[in-house]
Amino acid sequence: MSELKERLLPPRPASALNLRDAAAASRSSASGRTSLLGVDVLGLKKRGQGLRSWIRVDTSGNTQVMEVDKFTMMRRCDLPARDLRLLDPLFVYPSTILGREKAIVVNLEQIRCIITADEVLLLNSLDNYVLRYVVELQQRLKTSGVGEVWQQDNGQALEIALEAACTFLDSQASELEIEAYPLLDELTSKISTLNLERVRRLKSRLVALTRRVQKVRDEIEQLMDDDGDMAEMYLTEKKKRMEGSLYGDHQSLLGYRSNDGLSVSAPVSPVSSPPDSRSRLDRSVSIARSRHDSARSSEGVTENIEELEMLLEAYFVVIDSTLNKLTSLKEYIDDTEDFINIQLDNVRNQLIQFELLLTTATFVVAIFGVVAGIFGMNFEIDFFTQPGAFRWVLIITGICGFVIFSAFVWFFKYRRLMPL
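Residues numbered from 1 in each chain as written. Predicted model: local features only at pLDDT ≥ 70, side-chain atom pairs only at ≥ 80, totals over all residues. Heavy atoms only, no water.

All right, on to the overall build of the chain then. The helix and strand inventory of the chain stands at 13 helices and six strands. Looking at the chain residue by residue over its 420 residues, the buried ones come to 30%. Contacts spanning at least 24 positions in sequence make up 66% of the contacts within the chain whose residues lie at least 6 apart. A total of about 26,400 Å² of accessible surface is found on the chain, and carbon and sulfur atoms cover 58% of it. (Helix = DSSP H or I, 4+ residues; strand = E, 2+ residues; numbered from the N terminus. Buried < 20%, exposed > 50% of the residue type's maximum accessible area, 1.4 Å probe, protein only. Contact = heavy atoms within 4.5 Å. Areas by Shrake-Rupley, 256 points an atom, 1.4 Å probe, with all protein chains shown as cover.)

This is the structure in structure tokens:
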């Protein structure tokens, strides 16, 4: 893997880079253009239209690193600019699989490539999954035989891309699952700010990963539901039909020329067919031949579509299993949140009950304050001169307070404000 990584690194001399940076800086200073909010717009424009490193894998499994600009790649693969924009690392686009006339544009997580009838052009990256894709594609090409993968209408190249994307997403889902369940169990046993913050980060990662998995699943399902999109994936078959039609047109053109030559050299018979009727006959024959060829090709494409549909269905099951795993994890997180909310509500209710009892006790104690305030006034009565008067005042006041407190508690129980 390390040898392949070193071999795929594009050669970039330091002197050339320094000269390029110096020239760019001088041109920007000479033009007098300033950056917009600290962003070099001119540099971004040149970067979007400049050279990009691509890994080319041919039918023999040989790899080649080449630097091609955007317009050259558009002409090479006959793709519009919006399709190449899906592969641009400067932009963040969801997973997409597009079938075009001469190429298949694949944007599946780290795998960003263009599959044609003769080669696979992979956007160069030092990501491990990209390198594994190149190694796996080389191994299958060399073990299957030269050109056999492309004779099978690029199914292997697309299959490896789907396998890499599904494996990457499933590994991330497994890692998230391993991290999530112990953290959620710890949160249910001990509710703290640190655990809540960790669960919040975990949930944000889960939502982002679920969105990516859902997009890959929807893309595969969309391909499975549309026979036309699946037919666009058979580049080799389309190339053969195109070459056959060009060869048929060429043969028809040669036949017309030979017929014209015979008509000039041979004597004209009065009962011979006129040129217009002969051209109409040739046109009808060519139409019948084209219909026959299209009927045969449609039968072959139907069989190939069934094979591709089975392949997509297999990876649809894999990605759907990953999505179900993430859905189960999300449901577990929601259940944990509901359990925590129930616990917090219970604690909040207990605090409210305690506050209610404390308020009632404060009201009872306030009765003693009222009695003390009354007897603390500066007046004299015969009751103050009795020896046990103070004791009786305390007893009667305490009994009244207890009765009032018990009445409040009974009222709370009757109104079901407190589960006493």
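So that's the structure; there's more coming.
Attention shifts here to the side chain of Thr63. By the secondary structure assignment, Thr63 is in strand S2 (residues 63-68). Judged by its relative accessible area of 17%, Thr63 falls in the buried class. A polar contact of 3.5 Å, which involves the side chain of Thr63, links it to the side chain of Gln138. (Polar contact = N/O pair within 3.5 Å; in protein donor to acceptor, adjacent residues only side chain to side chain.)

For Met66, the location among the structural elements is in strand S2. The sequence separation of Met66 and Trp54 amounts to twelve residues, and the corresponding C-alpha distance is 5.4 Å. Not counting residues within four places of it along the chain, the set of residues in contact with Met66 comprises Arg52, Ser53, Trp54, Arg56, Arg76 and Leu121.

Under the counting rule described, the total for this entry stands at seven aromatic pairs. Arranged with centres 5.0 Å apart and planes meeting at 65°, the rings of Tyr181 and Tyr332 form a pair that is edge-to-face. Taken together, the residues span a long stretch of sequence, with Tyr181 in helix H8 (residues 155-189) and Tyr332 in helix H12 (residues 275-375) at a distance of 151 residues. Note on Tyr181: relative accessible area 25%, which makes it partly exposed. Their ring planes at 75° and their centres at 5.8 Å tell us that Phe363 and Phe408 sit as a pair that is edge-to-face. Of this pair, Phe363 sits in helix H12 while Phe408 is found in helix H13 (residues 389-414), placing the two residues 45 residues apart along the sequence. Ring-pair connections join several aromatic residues into one group, and the members of that group are Phe363, Phe408, Phe411 and Phe412. Seen from the ring of Tyr129, Arg132 lies directly overhead, with NZ or CZ sitting 5.2 Å from the centre. (Phe/Tyr/Trp six-rings, centres within 6.5 Å; stacked < 30°, edge-to-face > 60°. Lys NZ or Arg CZ within 6 Å of the ring centre and 35° of its normal.)

All right, on to the pattern of salt bridges then. The full count for this structure, using the stated rule, is 21 salt bridges. Between Glu136 and Arg140 there is a salt bridge; the shortest N-O distance is 2.9 Å. Pair noted here: Glu136 and Arg140 are both in helix H6 (residues 128-144), with a separation of four residues, about one helical turn. Given the relative accessible area of 28%, Glu136 is considered partly exposed. Arg140 gets classed as buried once you look at its relative accessible area, which sits at 17%. (Salt bridge = Lys/Arg side-chain N within 4 Å of Asp/Glu carboxyl O.)

Let's shift gears to the sheet that holds strand S5 (residues 111-116). Judged by pairing direction, the sheet is antiparallel, and its six strands sit side by side in the order S2-S1-S6-S5-S4-S3 without closing on themselves. Of all the strands in the sheet, just S2 and strand S3 (96-99) have a single pairing partner and so form its edges. Put simply, the sheet's adjacent strands are angled 20° from each other on average, direction ignored. Across three bridges, the pairing between S5 and strand S6 (residues 119-123) is antiparallel. What sits directly across from Cys113, in S6, is Leu122. (Pairing = 2+ DSSP bridges. Axes fitted to C-alpha atoms, helices over the stretch in contact; angles between N-to-C directions.)

The next subject is the pairing of strand S1 (residues 52-58). Within S1, seven of the seven residues are buried, leaving the element largely enclosed by the surrounding structure. Neither face of S1 is open: one carries Arg52, Trp54, Arg56 and Asp58, the other Ser53, Ile55 and Val57, and all of them are buried. Alignment of S1 against S2, held across six bridges, turns out to be antiparallel. Bridging across to S2, Arg52 finds its partner in Val68. Counting the residues between successive antiparallel strands, the hairpin from S1 to S2 contains four residues, one of them, Gly61, with a positive phi of roughly 90°. Of the strand pairs in this sheet, S1 and S6 are connected by five bridges, and their pairing is antiparallel. Directly across from Trp54, in S6, lies its bridge partner Leu123.

Here we come to the pairing of S6. Within S6, five of the five residues are buried, which leaves it mostly tucked inside the rest of the structure. Here S6 shows two buried faces, one formed by Glu119, Leu121 and Leu123 and the other by Val120 and Leu122. Hairpin geometry of S5 and S6 is characterised by an intervening segment of two residues between the two adjacent antiparallel strands.

Another point: the packing of H8 against helix H9 (residues 193-225). The relative placement of two packed helices comes down to the angle between their axes together with the axis-to-axis distance. It is the contact of H8 with H9, at a shortest axis distance of 10 Å, that shows an interaxial angle of 155°. One element, H8, and the other, H9, form an angle in the roughly antiparallel class. Crossing angle aside, the handedness with which H8 passes H9 is left-handed. Two secondary-structure elements touch here, H8 through Leu162, Phe168, Leu169, Gln172, Ala173, Leu176, Glu179, Ala180, Leu183, Leu184, Glu186 and Leu187 and H9 through Asn195, Leu196, Arg198, Val199, Leu202, Arg205, Leu206, Leu209, Arg212, Val213, Val216 and Ile220. Counted by class, the contact of H8 with H9 contains 17 nonpolar, two polar and five charged residues. (Parallel < 35°, antiparallel > 145°, perpendicular 65-115°, else oblique. Left-handed = near helix turned anticlockwise from the far one by under 90°. Nonpolar A, V, L, I, M, F, W, Y, C, P; charged D, E, K, R; others polar.)

Here we come to the UniProt feature "transmembrane region" (unreviewed entry) in the chain. In the UniProt entry, the feature "transmembrane region" (unreviewed entry) is given for residues 356-377 and 389-412. Helix makes up 91% of residues 356-377 and strand 0%. Its end C-alpha atoms lie 32 Å apart. Secondary structure within residues 389-412 divides into 100% helix and 0% strand; the distance between the first and last C-alpha atoms comes to 35 Å. (UniProt positions renumbered as here; feature names shortened; annotations may be inferred.)

We note that Asp78 has phi near 55°; this positive angle belongs to a residue other than glycine. Here Asp78 is to be found in the loop between helix H4 (70-77) and helix H5 (81-86). A positive phi angle is found at Glu109, which is not glycine, with a value near 55°. Mapped onto the elements of the fold, Glu109 is located in the loop between strand S4 (103-108) and S5.

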